[in-house]
Amino acid sequence: MKTIKQFSQIFLITIFLSSCSSAINKESPINNFEDNINENSNSEKKRMEIKFSCGKDGISEYLDDGWLILKEDSQEKICTWKSVPATKDCDMEKDKGCKITKPDKIGKEKIYLLEK
């Protein structure tokens, strides 16, 4: 019985070692392929998305650096919020539960997709 147990352990160890060596041999072509991808990615163009909100616009700095606008989009955005009392009798200093926060100023958010 002990010989069967020892034989099965040796058999399992042999299978384990043989599977590890085949996996190691297969890894080396993958590493070379990854190096080729990294070399090609350096020659590709860079892309960046930037956002400007509530009247702030600094796109000219990017255009001066050589970036080109691929896509421009704009949408409404809340710039500031204000707190108002929920009822006429509400004292916002004493009772925090009667305070309501509402949008104060609404502006535009511009989204640019740039490429260099």
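What counts, and where the lines are drawn
- Residues numbered from 1 in each chain as written.
- Predicted model: local features only at pLDDT ≥ 70, side-chain atom pairs only at ≥ 80, totals over all residues.
- Heavy atoms only, no water.
- Helix = DSSP H or I, 4+ residues; strand = E, 2+ residues; numbered from the N terminus.
- Polar contact = N/O pair within 3.5 Å; in protein donor to acceptor, adjacent residues only side chain to side chain.
- Contact = heavy atoms within 4.5 Å.
- Salt bridge = Lys/Arg side-chain N within 4 Å of Asp/Glu carboxyl O.
- Buried < 20%, exposed > 50% of the residue type's maximum accessible area, 1.4 Å probe, protein only.

The name given to the protein in an unreviewed UniProt entry is Putative Alpha-2-macroglobulin family N-termin, with Prochlorococcus marinus str. MIT 9302 as the source organism.

S.K.: Looking at this structure, I do not really get the side chain of serine 53. What am I missing?
M.R.: Along the polypeptide, serine 53 turns up in strand β1 (residues 47–53). Polar contacts involving the side chain of serine 53 include one to the side chain of glutamate 109, which spans 3.4 Å. Ignoring any residue separated from it by four or fewer positions in sequence, one finds serine 53 in contact with Lys77, Lys108 and Glu109.

S.K.: How do you make sense of the pattern of salt bridges when you look at a structure like this?
M.R.: Once their charged atoms are close, side chains differing in charge can pair, the charge on each being opposite to the other. Taken as a whole and assessed by the stated rule, the structure comprises two salt bridges. Taking the shortest distance from any N to any O, the salt bridge between arginine 47 and glutamate 115 comes out at 3.2 Å. Of the two residues, arginine 47 is situated in strand β1 and glutamate 115 in strand β3 (residues 99–115); the sequence distance between them amounts to 68 residues. You can call glutamate 115 buried: its relative accessible area is 13%. One salt bridge connects glutamate 109 with lysine 77, and the closest N-O pair in it is separated by 3.7 Å. Here the residue glutamate 109 occupies a position in strand β3, and lysine 77 occupies one in strand β2 (residues 68–85), the gap between them amounting to 32 residues. The partly exposed category is assigned to lysine 77, whose relative accessible area is 34%.

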